[in-house]
Amino acid sequence: MLPPGLKTPREVTLYYDSIYDSLIDSGRAVPFLYPWSGIGAFAALAYLLIDHRHQPTLKRLRLPLFALLFAFQCWVIATNIARHPAGALGVGLLSAWGILWISTIAAVSDCQTDFVRIEQGDAETREDGPKDKGTVSNGSPSNAKHNAPEDTKMTKGKDGTKSLYWQSYPTSFRHRIDWVADVFCSFRGVGWNFQTTTVPPPPKPIEMRLSGKEDSGDSGPDQVSRSGIRRFMDRESLLQHNFTNLVIGYLSLDLVKVLMHHDAYFWGYVDASPPSYLPLFVQDSYPLVRSYRLVVGLAGMYTALWEIFQLGPAFFCGVLGPRCIGLRGEPWMNPPDMFGAFAGVLDNGIAGWWSGWWHQVFRVAFEAHSTWLLKTLNIEKRSQTGQLTSLFVAFFLSACLHACGSFTLLGQTRPLMGPFRFFLLQPIGIAVQMLAVSQLSKLGITQRTPKMLKRTVNFLVVHTWLYFTGPLLLDDFAKGGVWLFEPVALSPLRLLGLGAKDDRFFCWWDGIVFWRSGKHWWDTGIAL
């Protein structure tokens, strides 16, 4: 618990810095250091670089090696800490995600035999020979093998020099490095045969070339998936969209941080009085104060993730581009949207919030494990039991990820009663709402209800549900120090004097990463 009397976010940050130093100096915790804390990921990459497709002994090592990775990542979560608020959350969340993703590509699936990606080359330089064509799968790596492409001829673009093909695991070690690095980082499967369904399929000209037809030269219109994710065909349009969103996101983050700096709730004093800048009728209403803090917290999470997600296309398409990284630098390979359209929430309620509007970065891994479990238990995926099982498996895994992130925070958090419980409650809300809609449909009520009224009811149901469950997550983030994270380096609003009394224009005064020199080589490295 925070000691009473801390008057600014900077004082709270310095308090957590002292806790970090105390835990390290006393030996009660280990500093999270690169490269040593990444040994598990490096070992997994090294194994995947060894071709085991025709070596049964090496192939059988997948599960024992995954067990070792699991043990190492659990040790990191249990013992490692970081000083920086975002780093402290990331130690647990990303370590757990490493377990889940390696399981996805090497345990419940075997990426070397099950996965293929779209690649380009020419007849002279293409070492692996004409490979495959196929269609993007339903987003689950466990089903990718059933979409295994058949052999096809090499297809050339209109200029007659480049071809597109489905590239399986390369025989050349040089090409294999790029292939493995790509599958290791392609969480949404863009350009792979396990691409998630929230991302639009490859553009029509690309699909034509993959199917053996000549490219007409027309790039075609930008594509939008049912959930609202866009896929740009033109580099200039993508970068304009990207730059605009980066600027809007940056300014929005600055505003959110200034609001948080004036409310002690976001420093970790979850029972603090409401900020004085709120109107008196809001300050006197517990539901309104709670709603305000939930909205600000949601805005903080959304805009921070939004800004981070925009950096990928800006770097891979804008900075590197096709000249440096080939097909991975094309605009259609870099969909900039991670969040869908809010219309999905209005049309589908709580289910639409989580399956369409909120980011789907973890979706492929969640579906892979639910599909594997259903197959193991011999449950039909489209049956009611299969759908409910998939729903609860996805949220159980999400609960585990966020509970691990909560566990490694420096503040006094409640990983099981906070984030874990929050995410386990979500499938219950989804199932109850879907059951209610089903019963109303049987009575013919939903068919006679105007669309605007249905959307209004969904809006009220979703936000009422999150009003009661949201504090389980947001309070835990506040107690752990997550909201102390400074996402912007330079703050225009704080330059104008709108921040806390000790705020400055330059916000990264406490640093993001630093070099730690320990007594031995294994406790020396880049710390967070």
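Read on for a plain summary of the structure. Keep in mind it's a predicted model, so treat the numbers as computed, not measured.

## Re empty space enclosed by the protein
Next, step 1: Tallied over the entire structure, the rule returns two cavities of 30 Å³ or more.
Next, step 2: Estimates place the volume of the largest cavity at around 200 Å³.
Next, step 3: Lining the largest cavity are 19 residues, with Thr13, Leu484, Glu486, Cys507 and Trp509 positioned closest to its centre.
Next, step 4: When residues in the lining of the largest cavity are grouped by element, the largest group, three residues, is from helix H1 (residues 9-26).
Next, step 5: Taken together, Thr13, Tyr16, Asp17, Arg83, Pro85, Ala88, Leu409, Leu410, Gly480, Gly481, Leu484 and Asp510 make up the lining of the second largest cavity.
Next, step 6: For the lining of the second largest cavity, the secondary structure elements donating two or more residues are H1 and helix H5 (85-106).
Next, step 7: It is H1 that contributes the most residues to the lining of the second largest cavity, three residues altogether.
Next, step 8: A breakdown of the residues in the lining of the second largest cavity according to their chemical character gives six nonpolar, three polar and three charged.

## With respect to the pattern of salt bridges
Next, step 1: Evaluated as defined, the whole model comprises 15 salt bridges.
Next, step 2: Here the salt bridges do not stand alone but share partners, grouping Arg117, Glu119, Asp178, Asp182 and Arg328 into one network.

## Here's the deal with the state of the cysteines
One covalent bond between the sulfur atoms of two cysteine residues makes up a disulfide.
Next, step 1: All told, the structure shown has zero disulfides when counted by the stated rule.
Next, step 2: Lacking any disulfide linkage, Cys324 is separated from the closest cysteine sulfur, that of Cys317, by 12 Å.

## A short note on the sheet that holds strand E2 (residues 33-34)
Next, step 1: Ordered in space as E2-E12-E11, the three strands form an open sheet in which the pairing is antiparallel. Two strands in the sheet have a free side with no partner beyond their single neighbour: E2 and strand E11 (514-516).
Next, step 2: With two bridges connecting them, E2 and strand E12 (residues 525-527) associate as antiparallel partners. Each residue of the ladder has a partner; that of Leu33, found in E12, is Ala527.

## Focus on the pairing of strand E8 (residues 163-167)
Next, step 1: In terms of burial, E8 is a largely internal element, five of the five residues being buried.
Next, step 2: The two faces of E8 match: Ser163, Tyr165 and Gln167 on one face and Leu164 and Trp166 on the other face are all buried.
Next, step 3: Pairing of strand E4 (residues 117-121) with E8, which is carried by five bridges, proceeds in the antiparallel orientation. If you follow Glu119 over to E8, its bridge partner there is Tyr165.

## Notes on helix H14 (residues 363-376)
Every α-helical turn comprises 3.6 residues, leaving residues that sit three or four positions apart pointing alike.
Next, step 1: Along its 14 residues, H14 runs 20 Å from first to last C-alpha, staying within 8% of the 20 Å computed at 1.5 Å per residue.
Next, step 2: When you tally the buried positions in H14, you get 10 out of 14 residues, the bulk of the element.

## As for the packing of H5 against helix H15 (residues 384-407)
Each pair of packed helices can be summarised by the angle the axes make with each other and by the distance between the axes.
Next, step 1: Where H5 contacts H15, the two axes come as close as 6 Å, and the packing angle between them is 145°. Helix-helix and strand crossings are classified by hand; for H5 and H15 the assignment is right-handed. Contacts between H5 and H15 involve Ala88, Leu89, Gly92, Leu93, Ala96, Trp97 and Leu100 from the first element and Leu397, Leu401, His402, Cys404, Gly405 and Ser406 from the second.
Next, step 2: Looking at the contact of H5 with H15 residue by residue, the classes come out as nine nonpolar, four polar and no charged.

## A look at the environment of Ser273
Next, step 1: With respect to the element layout, Ser273 can be found in the loop between helix H10 (235-261) and helix H11 (280-283).
Next, step 2: For Ser273, a relative accessible area of 60% puts it in the exposed group.
Next, step 3: The spacing of Ser273 and Gln283 is 10 residues in sequence and 8.2 Å in space, taken between C-alpha atoms.
Next, step 4: Setting aside its immediate chain neighbours within four residues, Ser273 contacts Asp263 and Arg293.

## Overview of helix H18 (residues 451-480)
Next, step 1: Taking 1.5 Å of rise per residue, the 30 residues of H18 would be expected to cover 44 Å, and the 42 Å separating its terminal C-alpha atoms lies within 8% of that figure.
Next, step 2: Within H18, the axis deviates most sharply at Thr469, by approximately 45°, and proline Pro471 lies no more than four positions further along.
Next, step 3: Where H18 terminates, the next one or two residues include Gly481, which has phi positive at roughly 95°.

What counts, and at which threshold
- Per chain, the residues get numbers from 1 upward, laid out in the order the sequence is written.
- Restriction of local features to residues with pLDDT of at least 70 applies here, the model being predicted, together with a cutoff of 80 or more for giving and counting side-chain atom pairs; totals for whole chains, interfaces and linings are based on all residues.
- Note that the side-chain values use all heavy atoms of the structure and ignore hydrogens as well as water.
- Put plainly, a pocket is an open set of points on a 1 Å grid over the protein atoms alone with protein on both sides within 12 Å along at least five of seven lines, a cavity is a set where a 1.4 Å probe fits but cannot get out, and a lining residue has an atom within 4 Å of a point.
- Grid points are joined across faces, edges and corners, and a volume is the space filled by probe spheres set on the points.
- Only DSSP runs of H or I with at least four residues qualify as helices, and only runs of E with at least two residues qualify as strands; both kinds are numbered from the N terminus onward.
- Residue type decides the class: Asp, Glu, Lys and Arg count as charged, Ala, Val, Leu, Ile, Met, Phe, Trp, Tyr, Cys and Pro as nonpolar, and the leftover types, Gly among them, as polar.
- By salt bridge we mean one thing: a side-chain nitrogen of Lys or Arg within 4 Å of a carboxyl oxygen of Asp or Glu.
- Here, the term disulfide refers to a pair of cysteine sulfur atoms separated by no more than 2.5 Å.
- Between any two strands, pairing holds if DSSP finds at least two bridges.
- For the exposure calls, accessible area comes from a 1.4 Å probe over protein chains only, and a residue counts as buried if that area is under 20% of its type's maximum, exposed if over 50%, partly exposed in between.
- Every helix has an expected span of 1.5 Å times one less than the residues it contains.
- Note on definitions: angles span 0 to 180 degrees between N-to-C directions of axes, and those axes are lines fitted to C-alpha atoms, for helices only across the stretch in contact.
- Rotating anticlockwise by less than a right angle from the far helix to the near helix defines a left-handed crossing, while the corresponding clockwise rotation defines a right-handed one.
- Any pair of residues with heavy atoms lying within 4.5 Å of one another is described as a contacting pair.
- Given a residue, its bend is the angle between the two axes fitted to the seven residues that end at it and to the seven that start from it.

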